[in-house]
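Spelled out from the first residue to the last, the chains are:
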Amino acid sequence: MIEFHLDARSGVPTYLQLVQQVRQAVRLGILRPGDQLPTVKEVVSALAINPNTVLKAYRELDLAGLVEGRRGVGTFVSSELTPSPPDGVKELRSALQRWVGRARAAGLDDENMAALFADTVRPPAASRAA
Amino acid sequence: MTEHAAVEAVGLGKRYGSKWALRDCSLEIPSGSVTALVGPNGAGKTTLLQLAVGLSRPSAGSVSVLGHSPLTDARSLLPRVGFVAQEHPLYRGFTVSDTLKLGRKLNPSWDEGVALARIEHLGLPLGQKVGQLSGGQQAQIALTLALAKRPEVLLLDEPVASLDPLARREFLQSVMEAVAETGMTVILSSHIVADLERVCDHLVILSQARTQLVGPIDEIVASHRLLTGPRTDPASVERVHDVIRESHTERQTTLLVRANGHVYDSNWQLHEVDLEEIVLAYLGYGGPNGTGRASSREAVA
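Only a predicted model underlies this, so the values are computations on that prediction, with no experimental measurement involved.

Rules used throughout
- Residues numbered from 1 in each chain as written.
- Chains lettered and ligands numbered in written order.
- Predicted model: local features only at pLDDT ≥ 70, side-chain atom pairs only at ≥ 80, totals over all residues.
- Heavy atoms only, no water.
- Helix = DSSP H or I, 4+ residues; strand = E, 2+ residues; numbered from the N terminus.
- Buried < 20%, exposed > 50% of the residue type's maximum accessible area, 1.4 Å probe, protein only.
- Contact = heavy atoms within 4.5 Å.
- Areas by Shrake-Rupley, 256 points an atom, 1.4 Å probe, with all protein chains shown as cover.
- Phe/Tyr/Trp six-rings, centres within 6.5 Å; stacked < 30°, edge-to-face > 60°.
- Lys NZ or Arg CZ within 6 Å of the ring centre and 35° of its normal.
- Domains from an automatic or database assignment.
- Buried area = accessible area lost by both parts, 1.4 Å probe.
- Polar contact = N/O pair within 3.5 Å; in protein donor to acceptor, adjacent residues only side chain to side chain.
- Nonpolar A, V, L, I, M, F, W, Y, C, P; charged D, E, K, R; others polar.
- Arc of directions from axis to C-beta.
- Salt bridge = Lys/Arg side-chain N within 4 Å of Asp/Glu carboxyl O.
- Pairing = 2+ DSSP bridges.
- Axes fitted to C-alpha atoms, helices over the stretch in contact; angles between N-to-C directions.
- Parallel < 35°, antiparallel > 145°, perpendicular 65-115°, else oblique.
- Left-handed = near helix turned anticlockwise from the far one by under 90°.

1. Some points on the overall build of chain A
Here comes step 1: Secondary structure assignment for chain A yields 6 helices and 2 strands.
Here comes step 2: Put simply, chain A runs from its N terminus to its C terminus through helices and strands in the order α-α-α-β-β-α-α-α.
Here comes step 3: Looking at the 130 residues of chain A, the share that counts as buried comes to 29%.
Here comes step 4: Partitioning the contacts of chain A with sequence separation of at least 6, the portion at a separation of at least 24 is 51%.
Here comes step 5: With the model as given, the accessible surface of chain A reaches about 8,600 Å², and the carbon-plus-sulfur share is 54%.

Rendered as structure tokens:
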């Protein structure tokens, strides 16, 4: 069992904080397949948050195949999070290193690069609004 | 659960003398949602709630709760609706036990088990006079009276305004537990935005007797962006997006927009905005150098 906590100042929506904490716990092996997540009522009591928010988080985890809701019983971890394959990461890292080299040559400092990276990674506003 | 919206208003208005307390209010509040009714004092929040429970009669338009009129179907509707008025009025000379007895006598659908379980959970002595309890405890008693009716819709007028932070949290926790247990619809008014994002999933912003914005909080937060860029006339942005607030310095323009599409001019820097900032913009707060536009806006969405 895990306990959720909320960071009101993070700007991350509450349901997403719950999703991230479950994913993190599974990744770290704190939660294993078959383990039960806190019930909606328990989360609501502990954090004084809207039950619909908890349901939304659990639904999203369910859709991602990470947990499984069993009617009238609870929500259980159904699979492990497979870490990204090491080969892929290695290749991506070297591609990124080449990119950083080119960016430096073009006169970008670290802060410029970080801003550019963050800006590229961030999905466009309207597609999330849909 | 019914298939009706929990609360539906169409062109709803209330006039006191020549002054409209609420005007042209059309909205639909879905069943099972927890909705925050936000706006400054005098914006029309209390008026809207009182119209919804039939405590006052509309001057224009109509409102229905669970598909019924609170005026003509009061007898069948009101047992299904809980209402806690501002300052949670109680008989101060009554004991907790007397207060529960009153609730039992006045409400045909009273659930004594719910009432007693809550009083026990809160650790309140039945023999104590209500007037001697703390503000937070009095608020909890008022909530208990409403919850023991087993309402399908619970309306709370400024329930936490007078409470200290701990009592606020405990009160909202009680409401959320009740929602988790029963799936009831909750509408609560507040002039304090903090905490609402935790407990609410829908938002209604009222200002100057009109609805400024109605919708699910997730969508509202996801669709609003702060744009900063070189000083420009916002007209080109306005063709695509709703500009809620604009402010300018000599060289820079800052816009808070509700995005209607995904094409942004690359001159603009995009920033996310939190709910409080969005609410303030709609209430007409102009930002550091800005001119609020909310006051001139018609209802959006």
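2. With respect to the packing of aromatic side chains
Residues and elements named next belong to chain A.
Here comes step 1: This model, assessed by the stated rule, comprises 1 aromatic pair over all chains.
Here comes step 2: A cation sits over an aromatic face here: K56 above Y15, 4.2 Å from the ring centre.
Here comes step 3: Residue placement shows R70 over the ring face of F76; its charged tip is 4.0 Å from the ring centre.

3. What about the domain arrangement of chain B?
Residues and elements named next belong to chain B.
Here comes step 1: Domains assigned within chain B are domain 1 (7-208) and domain 2 (219-296).
Here comes step 2: Here domain 1 and domain 2 have C-alpha centroids that lie 34 Å from each other.
Here comes step 3: Per-residue buried area on domain 1 facing domain 2 is highest for V193, L203 and I205; these three make up 53% of the total on that side.
Here comes step 4: Along the contact surface separating domain 1 from domain 2 lie 0 residue pairs in polar contact (both at pLDDT 80 or more).
Here comes step 5: Looking at side-chain class alone, the side of domain 1 that touches domain 2 contains 6 nonpolar, 3 polar and 1 charged residues.

4. Looking at helix α4 (residues 112-122) of chain B
Residue and element names in this part refer to chain B.
Here comes step 1: Residues V114, A115, R118 and I119 constitute the buried set of α4. Angular distribution of buried residues about the axis of α4 spans 125°; they occupy a single face of the element. Of the residues in α4, the exposed ones pointing more than 90 degrees away from the buried face are E120 and H121.
Here comes step 2: Of the surrounding elements, those touching the buried residues of α4 are α3 (96-106), α5 (135-147) and α6 (165-182).
Here comes step 3: Where α4 begins, one side-chain oxygen reaches toward the backbone nitrogen of G113, 3.0 Å away; that side chain belongs to D111.
Here comes step 4: Trailing α4 by a residue or two, G123 shows a phi angle of about 70°, which is positive.

5. Side note on the interface of chain B and chain A
Here comes step 1: With 25 residues of chain B at the interface, the matching set in chain A holds 20 residues.
Here comes step 2: Buried area between chain B and chain A, summed over both chains or domains, comes out near 1,800 Å², and the portion from carbon and sulfur atoms is 54%.
Here comes step 3: At the surface where chain B touches chain A, the tally comes to 2 salt bridges.
Here comes step 4: The salt bridge involving K41(A) is made with E181(B); its shortest N-O contact spans 2.8 Å.
Here comes step 5: When residues of the side of chain B that touches chain A are traced back to their parent elements, those giving at least two are α6, α7 (196-199), α8 (217-223) and β13 (269-272) of chain B.
Here comes step 6: In terms of residues, the side of chain B that touches chain A owes the most to one element, α6(B), which gives 7 residues.

6. Structural notes on the pairing of strand β2 (residues 19-29) of chain B
All names here are of chain B.
Here comes step 1: Note that strand β1 (residues 7-16) and β2 share 7 bridges and pair antiparallel. Bridge pairing in β2 places A9 opposite L27.
Here comes step 2: The antiparallel pairing of β1 with β2 creates a hairpin that spans 2 residues between the two strands, and G17 there sits at a positive phi of about 65°.

7. A word on the side chain of R198(B)
Here comes step 1: By the element assignment, R198(B) lies in helix α7.
Here comes step 2: We classify R198(B) as buried; its relative accessible area is 16%.
Here comes step 3: Look past the residues within four positions of R198(B) in its chain and what remains in contact with it is L6(A), L47(A), A48(A), I49(A), N50(A), T53(A) and R169(B).

8. A few points about the packing of α3(B) against α5(B)
All names here are of chain B.
Here comes step 1: Where α3 meets α5, the closest approach of the two axes is 10 Å, and the angle between their N-to-C directions is 25°. Relative to α5, the element α3 lies roughly parallel. Considering how the two elements wind past one another, α3 and α5 form a crossing that is right-handed. For the pair formed by α3 and α5, the contact residues are V96, T99, L100 and G103 on the first element and I141, T144 and L145 on the second.

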